[in-house]
Amino acid sequence: MKSISLARAIALLTPVLLLGGAYASQYIGGLHPCEMCWWQRYPHMAAIPLALVAYALRGRACVSALFAGLAGLAIGISGGIGLFHAGVEYGWWEGLTTCSTTPAGGGADLLNQIWASPITRCDVAPWDLFGISLAGYNGLLSGAAALAILALLLKARKA
């Protein structure tokens, strides 16, 4: 059952590393996420506990594989959102027409906090490497991970 073990590892490591990179770029790199960036994070947040359940139930191969597969599905959804977001950034299609901003905190002077908060557009990539944005990398890496998980689980099923 090495295939299931590897599928579980990919199902856990992919969202942990990609979310870690997203939060590092936000809090260390100063790249504020837009609304579509947040949308990509939510499926990864769901994939982590699903992968942890797959590890917890590794003694029951069929159930463990199910949860690894569900984590893979969540990762794939994040990848699909990432590819859609990258297409919006590259101008291939239209995405959201609104921008997002996150106030720094609560308090009596909320309006001033909103005005002082950075506006992050979904159609502008704040960073890229080799012409690929963070959303594009999420789409590529998450898509590849989801396909790998699916392939590994199908291989384990045939064995």
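Anyway, here's the lowdown on the structure attached to this text. (Residues numbered from 1 in each chain as written. Predicted model: local features only at pLDDT ≥ 70, side-chain atom pairs only at ≥ 80, totals over all residues. Heavy atoms only, no water.)

1. Thoughts on the overall build of the protein chain
Phase 1: If you tally the helices and strands in the protein chain, you get 5 helices and 2 strands.
Phase 2: Along the protein chain, from the amino end to the carboxyl end, the secondary structure elements read α-α-α-α-β-β-α.
Phase 3: Relative to all contacts within the protein chain whose residues are 6 or more apart in sequence, the contacts with residues 24 or more apart total 71%.
Phase 4: With an accessible surface of roughly 9,200 Å², the protein chain has 70% of that area assigned to carbon and sulfur atoms. (Helix = DSSP H or I, 4+ residues; strand = E, 2+ residues; numbered from the N terminus. Contact = heavy atoms within 4.5 Å. Areas by Shrake-Rupley, 256 points an atom, 1.4 Å probe, with all protein chains shown as cover.)

2. Notes on helix H3 (residues 61-89)
Phase 1: A rise of 1.5 Å per residue sets the reference length of H3, with its 29 residues, at 42 Å; its end C-alpha atoms lie 41 Å apart and thus fit the reference within 8%.
Phase 2: Within two residues after H3, Gly-91 carries a phi angle of roughly 80°, on the positive side. (Expected span 1.5 Å × (residues − 1).)

3. Quick look at the packing of H3 against helix H5 (residues 134-158)
Phase 1: At a minimum axis distance of 7 Å, the contact between H3 and H5 shows a crossing angle of 155°. Here H5 runs roughly antiparallel to H3, going by the angle between their axes. Judged by the twist between their axes, the crossing of H3 over H5 is left-handed.
Phase 2: The class makeup of the residues in the contact of H3 with H5 is 11 nonpolar, 12 polar and 1 charged. (Axes fitted to C-alpha atoms, helices over the stretch in contact; angles between N-to-C directions. Parallel < 35°, antiparallel > 145°, perpendicular 65-115°, else oblique. Left-handed = near helix turned anticlockwise from the far one by under 90°. Nonpolar A, V, L, I, M, F, W, Y, C, P; charged D, E, K, R; others polar.)

4. Description of the nonpolar core
Phase 1: Within the largest apolar cluster, 20 residues are counted, with the highest numbers of intra-cluster contacts made by Ile-149 and Leu-153.
Phase 2: For this core, the secondary-structure elements that each account for two or more residues are helix H1 (2-27), helix H2 (35-56), H3 and H5.
Phase 3: Residue contributions to this core peak at 6 residues, all from H1.
Phase 4: Aside from chain neighbours lying at most four places away, what touches Leu-153 is Ile-4, Ala-7, Ala-65, Ala-68 and Gly-69. (Core = buried A, V, L, I, M, F, W, Y, C linked by side-chain atoms within 4.5 Å. Buried < 20%, exposed > 50% of the residue type's maximum accessible area, 1.4 Å probe, protein only.)

5. Focus on a nonpolar patch on the surface
Phase 1: A grouping of Leu-66, Leu-70, Leu-73 and Ile-77 is seen on the molecular surface, where their side chains present a nonpolar patch of about 360 Å² in accessible area.
Phase 2: By secondary structure assignment, the location of Leu-73 is in helix H3.
Phase 3: A relative accessible area of 52% places Leu-73 in the exposed class. (Patch = residues over 30% accessible without salt bridge, like charges linked within 9 Å, V, L, I, M, F, W, Y side chains within 5 Å. Salt bridge = Lys/Arg side-chain N within 4 Å of Asp/Glu carboxyl O.)

6. Here we look at the environment of Lys-2
Phase 1: Its place among the elements puts Lys-2 in helix H1.
Phase 2: In the structure, Lys-2 is positioned 151 residues away from Leu-153 in sequence and 10.0 Å away in space, judged by C-alpha atoms.

7. Structural notes on the packing of H1 against H5
Phase 1: Contact pair H1 / H5: the axes reach a minimum separation of 8 Å and the direction vectors enclose 170°. Relative to H5, the element H1 lies roughly antiparallel. Contact residues: H1 offers Ser-3, Ile-4, Leu-6, Ala-7, Ile-10, Ala-11, Thr-14, Leu-18 and Ser-25, while H5 offers Leu-134, Asn-138, Leu-141, Ser-142, Ala-145, Ala-148, Ile-149, Leu-152, Leu-153, Lys-155 and Ala-156.
Phase 2: Looking at the contact of H1 with H5 residue by residue, the class counts come to 14 nonpolar, 5 polar and 1 charged.

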